Amino acid sequence: MTRREPSAVPPNDGKASTPMRKATISISALVAAATLVLTGCGSDAGTGNTTSAAANSPAAGATTASETATGETSTGAESSASSAGSETSASSAGSESSGAGVTGKVGVILPDTTSSTRYTLYDAPLLTAAFKDAGVEADVQNAGGSTAKYTTIAQSMIGAGVKVLIMDSIDPTSGAAVEAMAKKAGIQVIDYDRVNLGGSADYYVSFDNELVGKLQGQTLVTCLADAKITDPQIIEMDGGTDVDNNAVLFKSGAQSVLKPLQDQGKLKIVSDSVVKGWNVNEAAPTFTQALTANGNKVDGVLAANDDIANAVIGVLKAKGLAGKVQVTGQDSGVVGLQNILNGNQCMTVFKNVKLEAEAASKLAIALIKGEDPAAAGIKVASFDDPKGKRTMKAVLLTPQVITIKNVQDVVTAGALTAAQICKGIEAKCTAAGVK
């Protein structure tokens, strides 16, 4: 989120060259300075950190840190998703399957329907299905962006006697407060996708979010070089760093690539803006202000996710710049992938929510059974919470870079169908090998 890994609304198209700055540094120097093992904007694998679609398919297992992923998943997810803004409640029929031998209820609270479309389209139906298949009763709800509603849902779930609470919080302060209530009631808590720094959850399931930002920064540099853009000027469009630690990690990862290059005079970050609260409605005005302040000159935009990228691309179209500016993204949603196929976005980060949901559900079931996660085949790593001065047990999945050369990987992973991605742009999908 996305966020949301991350992982809002997806992107589009545009172009113009006069405002583009082209000057001193050579392409080879830029790439060498980035020390990338990337095949670039037009490569089969977005970076040296990515692997083939076959190696990264969901069959590879959901709990290892060597998997790929996407902000949107499961081909049948859309049909089972609740409408935006609505509460998603689900209880599995036959809550205690004799085959599973698991007794106990799980509560899942998702944050909103606006920071990313993933929650209603993917997380809710995927988590519901996973617990139903395991014969575990589950209550999956969405707080609709309201911390008051989030707390009310949590109180209800705690009162109903859930044994495990999976939480994707709106912000760390309210999230930590809910965790304190759950801990007092003896309920085990899993931070899902976002961590609540200063909270009390023992477990955390997400993607390697700093790596997400690093992949965005690395691939942006390669896309700029492939486009033969020298001495590039870059606008950063961070998302939700005011409320989301994932967003902080995305930014940290990206700056670990871009800042050294700026210090060496290889590129210039002309603006670093934040889309507060991941509110995509603020993305276009925020970008417009940054672009205007730089005299409508920009070569690359480090956009935190596809929804912010889409808003940026809309502004670039109006300025006649779409397609000439390299734009990053995250979540690998339909619009983001279409923007890539249309030549208006150079990359997105694929975080397979199916893997994340599988990892969280598997962990929750192990906790209900009283099993040690390691004994249940769940590989955990240590994750430090500096605010809470504690170490959590984390399952961190590996994201994948998607460029125009490997959009098919998203289809192969079962996240989206070619029909969903290619509607209205069939010829471009055919040219890119998406089927």
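Each chain has its residues counted from 1, running along the sequence as written. Totals for whole chains, interfaces and linings use all residues, but because this is a predicted model, local features are given only for residues with pLDDT of at least 70 and pairs of side-chain atoms are given and counted only at 80 or more. Hydrogens and water molecules were not included; the side-chain quantities draw on all heavy atoms of the structure.

**Topic: the overall build of the protein**
Working definition: helices are DSSP H or I runs of at least four residues, strands are E runs of at least two. Numbering for both runs from the N terminus. When helices and strands are counted, the protein shows 14 helices and 13 strands. Three labels apply to residues, based on accessible area from a 1.4 Å probe with only protein chains included: buried if under 20% of the type maximum, exposed if over 50%, partly exposed otherwise in between. Counting over 435 residues, the protein shows a buried share of 59%.

**Focus: the nonpolar core**
Residues belong to a common nonpolar core when they are buried Ala, Val, Leu, Ile, Met, Phe, Trp, Tyr or Cys residues joined through side-chain atoms within 4.5 Å. Formed by 52 residues in total, the largest nonpolar core has its most connected members in Val106, Phe131, Ile166, Ile190 and Ile421. Looking at which element gives the most residues to this core, the answer is helix 11 (residues 353–369), with 11 residues. Residues Phe287, Ala311, Cys346 and Val349 belong to the second largest nonpolar core, which totals 34 residues.

**A word on the packing of helix 4 (residues 147–159) against helix 5 (residues 172–184)**
Axes, fitted as lines to C-alpha atoms, cover a helix only where it is in contact. Angles between the N-to-C directions of the axes lie from 0 to 180 degrees. Relative orientation of the contacting elements helix 4 and helix 5 amounts to 15°, with a least axis distance of 10 Å. The angle between helix 4 and helix 5 places the two elements in the roughly parallel class. For the crossing formed where helix 4 meets helix 5, the hand is right-handed. Contact residues: helix 4 offers Thr147, Tyr150, Thr151, Ala154, Gln155 and Ile158, while helix 5 offers Ser174, Val178, Met181 and Ala182. Of the residues assigned to the contact of helix 4 with helix 5, the class counts are six nonpolar, four polar and no charged. Put simply, angles under 35 degrees are roughly parallel, angles over 145 are roughly antiparallel, angles from 65 to 115 are roughly perpendicular, and the rest are oblique. Crossings are assigned a handedness: left-handed for a near helix turned anticlockwise from the far helix by less than a right angle, right-handed for a clockwise turn. By definition, residues are in contact when any of their heavy atoms lie within 4.5 Å. Under the grouping applied here, Gly and all other residues not named as nonpolar or charged are polar, the nonpolar ones being Ala, Val, Leu, Ile, Met, Phe, Trp, Tyr, Cys and Pro and the charged ones Asp, Glu, Lys and Arg.

**Here's the deal with the side chain of aspartate 238**
Looking at the secondary structure, you find aspartate 238 in strand 6 (residues 233–239). Relative accessible area serves as the criterion here: at 4%, aspartate 238 is assigned to the buried category. In this structure, aspartate 238 is in contact with Lys251, Asp272, Ser273, Val274, Val275, Ala304 and Ile308, ignoring residues within four places of it in sequence.

**Quick word on the packing of aromatic side chains**
Aromatic rings from Phe, Tyr and Trp, with only the six-membered ring used for Trp, were paired whenever their centres fell within 6.5 Å, and each pair was classed as stacked if the ring planes differed by under 30 degrees, edge-to-face if by over 60, and tilted otherwise. Under the counting rule described, the total for this entry stands at two aromatic pairs. For the ring pair phenylalanine 250 and tryptophan 278, a centre distance of 6.3 Å and an interplane angle of 75° mean the geometry is edge-to-face. A residue pair is termed long-range when its members are at least 10 positions apart, and phenylalanine 250 in helix 7 (residues 245–263) and tryptophan 278 in the loop between strand 7 (268–275) and helix 8 (283–293) qualify at 28 residues.

**Some points on the pairing of strand 5 (residues 203–207)**
Along any regular strand, the residues point their side chains to alternate faces of the sheet. Of all five residues in strand 5, five are buried; the element is thus mostly enclosed. Strand pairing requires that DSSP identify at least two bridges connecting the strands. Taken together, the three bridges between strand 4 (residues 188–192) and strand 5 define a ladder with parallel strand orientation. What sits directly across from aspartate 191, in strand 5, is tyrosine 204. Strand direction decides the pairing type here: strand 5 and strand 12 (residues 390–397), joined by five bridges, are parallel. Paired with serine 206 across the strands is leucine 396, a residue of strand 12.

**Thoughts on the sheet that holds strand 2 (residues 137–142)**
The strand order across the open sheet built from seven strands is 2-1-3-4-5-12-11, with neighbouring strands paired in mixed fashion. Among the strands making up the open sheet, the edge pair consists of strand 2 and strand 11 (381–385). The mean inter-strand angle of the sheet, taken between neighbouring strand axes irrespective of direction, is 25°. Here helix 3 (residues 118–133) sits on the sheet in contact with strand 1 (105–110), strand 2, strand 3 (164–167) and strand 4, set at roughly 175° to strand 1. Lying on the sheet, helix 11 is in contact with strand 1, strand 3, strand 4, strand 5 and strand 12; it crosses strand 4 at an angle near 170°.

**Observations concerning the confidence of the model for the protein**
A residue's pLDDT is the confidence the predictor assigns to it, expressed on a 0 to 100 scale. When pLDDT is averaged across the protein, the result is 82; 77% of the residues are at 70 or more. Here residues 1–100 is modelled with pLDDT under 50, and outside its nearest four sequence neighbours on either side it reaches 360 contacts, counting other chains as well.

**Some remarks on the packing of helix 6 (residues 209–226) against helix 7**
Where helix 6 meets helix 7, the closest approach of the two axes is 6 Å, and the angle between their N-to-C directions is 35°. As helix 6 runs across helix 7, the sense of the crossing is right-handed. Residue-level inspection shows Asn209, Glu210, Val212, Gly213, Lys214, Gly217, Gln218 and Val221 of helix 6 in contact with helix 7, the latter providing Asn246, Leu249, Phe250, Ser252, Gly253, Ala254, Ser256, Val257, Leu258 and Leu261.

**So, the pairing of strand 6**
Taking burial as the measure, the seven residues of strand 6 include seven buried ones, the bulk of the element. Burial along strand 6 is two-sided: the face carrying Gln233, Ile235, Met237 and Gly239 and the face carrying Ile234, Glu236 and Asp238 are both buried. Note: strand 6 against strand 7, seven bridges, orientation parallel. Bridge pairing links aspartate 238 to valine 274 in strand 7. Following the chain from strand 6 across helix 7 to the adjacent parallel strand 7, one finds a crossover that is right-handed. Summarising the sheet, strand 6 and strand 8 (residues 300–303) pair through four bridges and their orientation is parallel. Looking at the pairing, methionine 237 lines up with alanine 303 of strand 8. By convention, a crossover is right-handed whenever its connection, traced from the first strand over the helix to the second and viewed with the strands pointing away, goes clockwise.

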